[in-house]
Amino acid sequence: MQYRRLGNSGLKVSEIGLGSWLTYGTAAERDAADKCIRAAFDNGINFFDTANAYNRGAGEEAMGAALKPYSRSSYVLSTKVFFAMGDDVNERGLSRKHIMEQCDASLRRLGVDYIDIYFCHRYDNSVPVEETLRALDDLTAQGKILYSAVSEWSAAQIGQAVEIGRRMNLRPLIANQPIYNMFERYIEREVIPLSQREGLGQVVFSPLAQGVLTGKYKPGQPVPAGTRASDSSVNFVINSYLNDEVLGVVAQLEELAGSLDLKLSQLALAWTLRQPNVSSAIIGATRPEQIEENVKAVDVKLDAAVLTEIDALLAQVSHFAPLR
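Residues numbered from 1 in each chain as written. Predicted model: local features only at pLDDT ≥ 70, side-chain atom pairs only at ≥ 80, totals over all residues. Heavy atoms only, no water.

Participant: Tell me about the overall build of the protein, and please be specific about residues and values.
Facilitator: Helix and strand counts for the protein come out as ten helices and ten strands. For the protein, the C-alpha radius of gyration of 19 Å lies close to 20 Å, the compact-globule estimate for 324 residues. Projected onto its principal axes, the C-alpha coordinates of the protein cover approximately 50 × 40 × 35 Å. Counting every position in the protein, which comprises 324 residues, the buried fraction comes to 57%. When contacts within the protein are restricted to residue pairs at least 6 apart in sequence, those whose partners lie at least 24 apart make up 78%. Side-chain charges in the protein split into 33 positive and 39 negative, and the spacing between the mean points of these groups amounts to 4 Å. (Helix = DSSP H or I, 4+ residues; strand = E, 2+ residues; numbered from the N terminus. Rg over C-alpha atoms; globule rule 2.2 N^0.38 Å. Buried < 20%, exposed > 50% of the residue type's maximum accessible area, 1.4 Å probe, protein only. Contact = heavy atoms within 4.5 Å. Lys, Arg positive; Asp, Glu negative; His and termini not counted. Charge placed at Lys NZ, Arg CZ, Asp CG, Glu CD.)

Participant: Tell me about the pairing of strand β5 (residues 76-81), and please be specific about residues and values.
Facilitator: By the criterion of burial, β5 is predominantly enclosed, with six of the six residues buried. Burial along β5 is two-sided: Val76, Ser78 and Lys80 facing one way and Leu77, Thr79 and Val81 facing the other are all buried. As paired strands, strand β4 (residues 47-49) and β5 are joined by three bridges and run parallel to one another. Each residue of the ladder has a partner; that of Asp49, found in β5, is Ser78. For the crossover that starts at β4, traverses helix α2 (residues 58-67) and ends in the parallel β5, the hand is right-handed. By the bridge criterion, four bridges tie β5 to strand β6 (residues 115-120) in an arrangement that is parallel. If you follow Val81 over to β6, its bridge partner there is Cys120. (Pairing = 2+ DSSP bridges. Right-handed = clockwise from strand over helix to strand, strands pointing away.)

Participant: Give a description of the pairing of strand β7 (residues 145-150) that names residues and reports values.
Facilitator: With five bridges joining them, β6 and β7 adopt parallel strand pairing. Within β7, the residue paired with Ile115 across the bridge is Ile145. Following the backbone out of β6, through helix α4 (residues 129-141) and into the adjacent parallel β7, one traces a crossover that is right-handed. Two elements, β7 and strand β8 (residues 175-176), share two bridges in a ladder whose sense is parallel.

Participant: Please set out the packing of helix α1 (residues 30-42) against α2 residue by residue, giving values where relevant.
Facilitator: At a closest axis distance of 9 Å, the pairing of α1 and α2 adopts a crossing angle of 55°. Comparing the axis directions of α1 and α2 gives the class oblique. Seen along the crossing, α1 lies across α2 with a hand that is right-handed. Residues Arg30, Ala33, Asp34, Ile37 and Phe41 of α1 pack against Ala58, Glu61, Ala62, Met63, Ala66 and Leu67 of α2. Of the residues in the contact of α1 with α2, the class split is eight nonpolar, no polar and three charged. (Axes fitted to C-alpha atoms, helices over the stretch in contact; angles between N-to-C directions. Parallel < 35°, antiparallel > 145°, perpendicular 65-115°, else oblique. Left-handed = near helix turned anticlockwise from the far one by under 90°. Nonpolar A, V, L, I, M, F, W, Y, C, P; charged D, E, K, R; others polar.)

Participant: Describe the nonpolar core, listing the residues and the values that go with them.
Facilitator: Formed by 90 residues in total, the largest nonpolar core has its most connected members in Phe48, Phe183, Ile291 and Ile310. With residues near it in sequence (within four places) discarded, Ile310 still touches Met182, Leu253, Leu256, Leu267, Trp271 and Leu302. (Core = buried A, V, L, I, M, F, W, Y, C linked by side-chain atoms within 4.5 Å.)

Okay, structure coming up:
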């Protein structure tokens, strides 16, 4: 495993992280979480990501239980706050009340004394940014979180938060968690340049495009049984990828990967990690074998000719816009 600094902080995270959005606590049993986290540790992964909203806390509970056998200092744990956790008007968003209450609730569900990285899961137009940043800074002062970060904020929103934090003399944000993969590259235009300038690292989710960039879905063929796309409870995003035009490009990328003696997933992850501002690519897994395959991407260095060929293939679907 290789490790990168998270933004301008001194924190080092594994280039491959393990997340729990649609797996732990929902689509997979708890024993799968235990096996996958054991495999993650065996392969050098030290970064584990979840959120309070993942199955209304079940994702945090499963992640915390699976991490319990390991020394707290041996891993970096992140979770998030924003989405509704109840029916009350104050049980959502980035108000001081919701942030403070949900941080304590996340600590209880995770079974830990502190959270390494606490993400604002989305931007909240209804709350002053000053209020949100002050709450995060106070949680840091209390030792409940070590670093604060954002997820899926625009460049303008990140820039605004950085300036407000600087003016208020608050501890800086250290990371952004956006979607980023071969088909969704919006952060390259403004988010990455701003983040590089202001000291935020990217920890990206869906680097395999919901599993499409593993090659399991083929153009003109039915969706394989037992896959995410076949599960109507979780396939609302992935279905937008499943058209023959996109899958045709995936097939070409898989052929390129084979010519390099790589799995398509390894090619896709290596492509993501070519960006120096990407500190970690977060994968999901239900089987240890998936982790063992994906971590090999950290040893893959794509030369300029391969990157040019990938860009040419992706240009065929540059107009594609998945559901968000």
